[in-house]
Amino acid sequence: MRLATWNVNSLPVRLPQVLDWIDRKAPDILCLQETKVPDGRFPSAPFRDLGYEILFRGQPAYNGVAILSRRPLSDPLRDFPGESDPECRLLGATAGSLRILNLYVPNGQDLETPKYRYKLAWLARIASLVEEEKARYPGLALLGDFNIVPEDKDAHDPVALAGQIFLSAPERQALSRITGLGLHDAFRLLHPEPGHYSWWDYRQGMFRRNMGLRIDLILLSSSLEKTLLSAEIDREPRKNERPSDHAPVFVDLADS
DNA sequence: ATGGCTGTCAAAGACAGA
């Protein structure tokens, strides 16, 4: 079973690339972020034609998340329980014994801004949600754009970026709170070395020079971690014309 | 170097991203 996540930075713009990637990699479940498309304009047909069930929640211009699945989805979660976040950043669904949470963590802009405080508050709500979800669903996977650099080796220049947005201690503590609930960074379990990134700035030839950040993560509960076969960041779509600034990340799990 | 790209909305340039 192949689980994937990709921040596409506009699904309308990237649709041909997403369809091409599905054709090449055949994910069973694909979580998308930054679809930037309101629900009434979501391009459902091409995905349904490929045999995917779709769950999506979008808004004009910003944010937006979607889950595509070749297996039937149930128990959809479209927002935090009992409240309404005006920003479309969270989707959950169940596929068999697998529970999926698709996250688009707020960027946070800069420390000492309201957006940073929103990011930390959002992450605290996620930690509570994950606690509840994990109690209900042992086979839990969090996939998405976390907008946090977990460790210094996940950044091309951790010295220059030290203490700044994405690397600040409160952000890393928020991520640690989630991983401390028993969720494991799948890519890191198999690839401990530095130099692996999932995002590269469009400017200054950052991709060509492999100066990026690893901020797109797949976190697996212990029962899923035991079935982990492989984890990859696919750099190929970043070489396309008009690419997303993020690469897709995927894991293969043994059917258990 | 409060820069540089890219996308949205809307029809220029502000806002946001990371």
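Structure: see above.
These numbers come from a predicted model, not from an experiment. (Residues numbered from 1 in each chain as written. Chains lettered and ligands numbered in written order. Predicted model: local features only at pLDDT ≥ 70, side-chain atom pairs only at ≥ 80, totals over all residues. Heavy atoms only, no water.)

Our next topic: the overall build of chain A. Within chain A, the secondary structure is distributed over seven helices and twelve strands. Taken over C-alpha atoms, the radius of gyration comes to 17 Å for chain A, in line with the 18 Å a tight globule of 256 residues would show. Projected onto the principal axes, the alpha-carbon positions of chain A cover approximately 45 × 45 × 35 Å. Within chain A, the fraction of its 256 residues that count as buried is 56%. Restricting the contact set of chain A to residue pairs at least 6 apart, pairs at least 24 apart contribute 70%. Here chain A has roughly 10,900 Å² of accessible surface; of this, 51% comes from carbon and sulfur atoms. Side chains of chain A carry 32 positive and 35 negative charges; the gap between the two charge centres is 2 Å. (Helix = DSSP H or I, 4+ residues; strand = E, 2+ residues; numbered from the N terminus. Rg over C-alpha atoms; globule rule 2.2 N^0.38 Å. Buried < 20%, exposed > 50% of the residue type's maximum accessible area, 1.4 Å probe, protein only. Contact = heavy atoms within 4.5 Å. Areas by Shrake-Rupley, 256 points an atom, 1.4 Å probe, with all protein chains shown as cover. Lys, Arg positive; Asp, Glu negative; His and termini not counted. Charge placed at Lys NZ, Arg CZ, Asp CG, Glu CD.)

Below, the discussion takes up the sheet that holds strand 7 (residues 98-104). Through backbone hydrogen bonds, the strands of a sheet pair up, either in parallel or in antiparallel fashion. Pairing is mixed across the open sheet formed by six strands, whose spatial order is 5-6-7-8-10-9. Strands with a single pairing partner mark the edges of an open sheet, and in this sheet they are strand 5 (74-77) and strand 9 (183-185). Across the sheet, the mean angle separating the axes of adjacent strands is 20° when strand polarity is ignored. Pairing geometry for strand 7 and strand 8 (residues 140-145), over six bridges, is parallel. Within strand 8, the position partnered with L103 by the bridge is G144. With respect to the sheet, helix 3 (residues 114-136) is in contact with strand 5, strand 6 (90-95), strand 7, strand 8, strand 9 and strand 10 (216-221), its orientation differing from that of strand 7 by roughly 175°. Along the sheet, helix 5 (residues 169-179) makes contact with strand 8, strand 9 and strand 10, crossing strand 10 at roughly 30°. (Pairing = 2+ DSSP bridges. Axes fitted to C-alpha atoms, helices over the stretch in contact; angles between N-to-C directions.)

This brings us to the nonpolar core. Judged by nonpolar contacts, the single largest core of 31 residues is most densely connected at L3 and I100. Setting aside chain neighbours within four positions, we find I100 in contact with L3, I29, C31, I67, L91, G92, A93, A141 and L143. Formed by 22 residues, the second largest nonpolar core is a distinct cluster that contains W122, L123, I178 and L219. (Core = buried A, V, L, I, M, F, W, Y, C linked by side-chain atoms within 4.5 Å.)

Within helix 5, the full set of buried residues consists of E171, R172, A174, L175 and I178. The buried side chains of helix 5 occupy one side of the element, clustering within an arc of 155° when seen end-on. Against the buried residues of helix 5 lie helix 3, strand 8, strand 9 and strand 10. (Arc of directions from axis to C-beta.)

Here we take up the protein's contact with DNA strand B. Looking at DNA strand B, there are 26 residues lining it, with S10, E34, N107, F166 and Q204 nearest. A distance of 2.7 Å separates a phosphate oxygen of DNA strand B from a polar atom in the side chain of S10. R242 is positioned with one of its side-chain polar atoms (N or O) 3.2 Å from a phosphate oxygen of DNA strand B. Here the residues of the surface near DNA strand B sort into ten nonpolar, seven polar and nine charged. (Near = heavy atom within 4 Å. Polar contact = N/O pair within 3.5 Å; in protein donor to acceptor, adjacent residues only side chain to side chain. Nonpolar A, V, L, I, M, F, W, Y, C, P; charged D, E, K, R; others polar.)

Let us now look at the pairing of strand 3 (residues 53-57). Of all five residues that make up strand 3, four are buried, and the element is covered over most of its length. By the bridge criterion, five bridges tie strand 3 to strand 4 (residues 65-69) in an arrangement that is antiparallel. Among the inter-strand pairings, R57 is bridged to a residue of strand 4, identified as V65.

The subject of this paragraph is the side chain of S244. Tracing the sequence through the fold places S244 in the loop between strand 11 (228-233) and strand 12 (249-253). In this structure, S244 is in contact with W6, N7, V8, N9, R14, Y202 and R238, ignoring residues within four places of it in sequence.

What follows covers the sheet that holds strand 11. Strand order in the open sheet formed by six strands is 3-4-2-1-12-11, and the pairing between neighbours is mixed. Single-partner strands in this sheet number two, and they are strand 3 and strand 11. When strand polarity is set aside, the average angle formed by the axes of neighbouring strands in this sheet is 10°. As judged from the four bridges shared by strand 1 (residues 2-7) and strand 12, these two strands associate in the antiparallel manner. In the strand pairing of strand 12, L3 is matched with V251. Sitting on the sheet, helix 1 (residues 11-25) touches strand 1, strand 2 (29-33), strand 4 and strand 12, and the angle it makes with strand 1 is about 160°.

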